[in-house]
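Here is how the chains run, residue by residue.
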Amino acid sequence: MRKSLSIVTGLLCCFLLGQNLLPAEAAQKIEETQEAGTAQEGKDYVETTLEAEDADVTLTVRIRKESQITSGRIAVYCDSDLLELSEAKTGNLWETEDVNDKMTEDGKKGLSYAWADTGRQTEEGTLITVSFRASERADGQEVSVETRILELYSEQTVLSPAWKKKTDKVKIHLEDGRDKPDNEESNQEEASEEEDGESGEQKSGSGVQTGDDTNLAGWILTAFGAVLVILDAGRKVKNIN
């Protein structure tokens, strides 16, 4: 009887302890999840910088430290009349990455970048580096590149960044003699080739220009060749005799 009573008492104690602990553990887990999802609400998870050197324009998109991000998607747009997309390099921070450089939305051309991972990102790093080439029309003008945060997650939690659309601007200063239209460059190359050809023709007659247009070296070579032919013919006649 006493043994049975001890067993029942032990089970009851375990039940009561479980009733007290389980809600506490569940509450703690919920609290941790909420903290992970809302600890950085309204803060800058992502930062951008735009730089220009001559006709090369570079947008760098970085993730900030302790962001806790696991997946997301961004889009980058530019003025296609002034800038042309030339290259996009990812930072290789994630297990899965995808770049679509043929994206078009609301008449704007750009690219989208999506990524996903199983773990939360705690270190800072580069998400993607996008390179553009400025046209001649952009010289002296301020060009802009727009970055949009389309989706951002920390595991199952949807994150709300401080900004969802950001426009970076930079002024273009093209160096002289660079980034001219293709037809202008082609015309200059043809003119240069013609000048080189004329120069070559003038120098072929003599190393020094004397005002004599006759090809003296050509006449000398022709005469020397004729002499060799005559001598060779004379040898053949002599051998026959």
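Values in this document were obtained by computation on a predicted structure and should not be read as measured data.

Looking now at the overall build of the chain. Regarding its fold elements, the chain presents 3 helices and 10 strands. In sequence order, the secondary structure elements of the chain are arranged as α-β-β-β-β-β-β-β-β-β-β-α-α. Counting all 241 residues of the chain, 24% fall into the buried class. Excluding contacts between residues fewer than 6 apart, the proportion of contacts in the chain whose partners are at least 24 apart in sequence is 72%. With an accessible surface of roughly 16,800 Å², the chain has 50% of that area assigned to carbon and sulfur atoms.

If you walk through the whole model with that rule in mind, you get 9 salt bridges. Residue R133 is joined to D56 by a salt bridge in which the shortest nitrogen-to-oxygen separation is 2.5 Å. In this pair, R133 is assigned in strand β7 (residues 125-134) and D56 in strand β2 (residues 56-63), connecting sequence segments 77 residues apart. For R148, the salt bridge goes to E105, with nearest N and O atoms at 4.0 Å. Here R148 is found in strand β8 (residues 142-154), whereas its partner E105 is found in strand β5 (residues 96-105), with 43 residues between them in sequence. Judged by relative accessible area, which is 16%, R148 ranks as buried.

Moving on to the environment of E66. Residue position: E66 is located in the loop between β2 and β3 (69-78). Relative accessible area serves as the criterion here: at 39%, E66 is assigned to the partly exposed category. Along the chain, E66 and Y45 lie 21 residues apart, while their C-alpha atoms are 8.7 Å from each other.

On to the environment of G125. Note on placement: G125 falls in strand β7. What makes G125 buried here is its relative accessible area of 8%. In this structure the C-alpha to C-alpha distance between G125 and I63, which are 62 residues apart in sequence, comes to 5.5 Å. When near neighbours in sequence (up to four residues on either side) are disregarded, G125 contacts R62, I63 and L93.

Approximately 310 Å³ is the volume found for the largest pocket. If you trace the largest pocket, you find 20 residues lining it, with E84, L85, D101, K109 and G110 closest to the centre. Secondary-structure elements contributing two or more residues to the lining of the largest pocket are β3, β4 (83-90), β5, β6 (108-121) and β7. Per-element accounting of the lining of the largest pocket gives the leading share, 6 residues, to β4. Here the residues of the lining of the largest pocket sort into 11 nonpolar, 4 polar and 5 charged.

Most of β3 sits inside the fold, with 9 of its 10 residues counted as buried. Bridging between β3 and β6 involves 8 bridges; their strand directions are antiparallel. If you follow I69 over to β6, its bridge partner there is Q121. Bridge count between β3 and β8: 8 bridges; the pairing is antiparallel. Looking at β8, one finds that R73 is bridged to E151.

Attention now goes to the sheet that holds β4. Within a sheet, adjacent strands bond to each other through the backbone by hydrogen bonds, running parallel or antiparallel. Taken in spatial order, the 4 strands line up as β1-β2-β7-β4 in an open sheet, and their pairing is antiparallel. Looking at which strands have only one partner, the edges of the open sheet turn out to be β1 (46-53) and β4. Going from strand to strand, the sheet's axes swing by 20 degrees on average, the running direction of each strand aside. The pairing of β2 with β7 spans 8 bridges and is antiparallel. Its bridge partner lying in β7, R62 is registered against T126.

Calculation rules
- Counting restarts for each chain: residues are numbered from 1 in the order of the written sequence.
- Only residues with pLDDT of at least 70 get local features here, since the model is predicted, and only at 80 or more are side-chain atom pairs given and counted; chain-wide, interface and lining totals rely on the full set of residues.
- To obtain the side-chain values, all non-hydrogen atoms of the structure were included, while hydrogens and water were left out.
- Comment: elements are numbered from the N terminus, with helices defined as DSSP H or I runs of at least four residues and strands as E runs of at least two.
- Exposed residues in this analysis have more than 50% of their type's maximum accessible area, buried residues have under 20%, and partly exposed residues fall in between, with area computed by a 1.4 Å probe over protein chains only.
- Contacts: residue pairs with any heavy atoms within 4.5 Å of one another.
- Here the accessible surface of atoms and residues is derived via Shrake-Rupley with a 1.4 Å probe, and residues count as covered only by protein chains that are part of the display.
- For this analysis, a salt bridge means a side-chain nitrogen from Lys or Arg found within 4 Å of a carboxyl oxygen belonging to Asp or Glu.
- Lining residues are those with an atom within 4 Å of a point, where the points come from a 1 Å grid over the protein atoms alone and group into cavities, where a 1.4 Å probe fits but cannot get out, or pockets, open sets with protein on both sides within 12 Å along at least five of seven lines.
- Grid points are joined across faces, edges and corners, and a volume is the space filled by probe spheres set on the points.
- Each residue is assigned to one class: nonpolar for Ala, Val, Leu, Ile, Met, Phe, Trp, Tyr, Cys and Pro, charged for Asp, Glu, Lys and Arg, and polar for all the others, Gly among them.
- Pairing between two strands requires that DSSP report at least two bridges joining them.
- Helix axes use the C-alpha atoms of the stretch in contact, all axes being lines fitted to C-alpha atoms, and the angles between their N-to-C directions lie in the range 0 to 180 degrees.

Without other data, these values stay purely geometric and don't point to any function.
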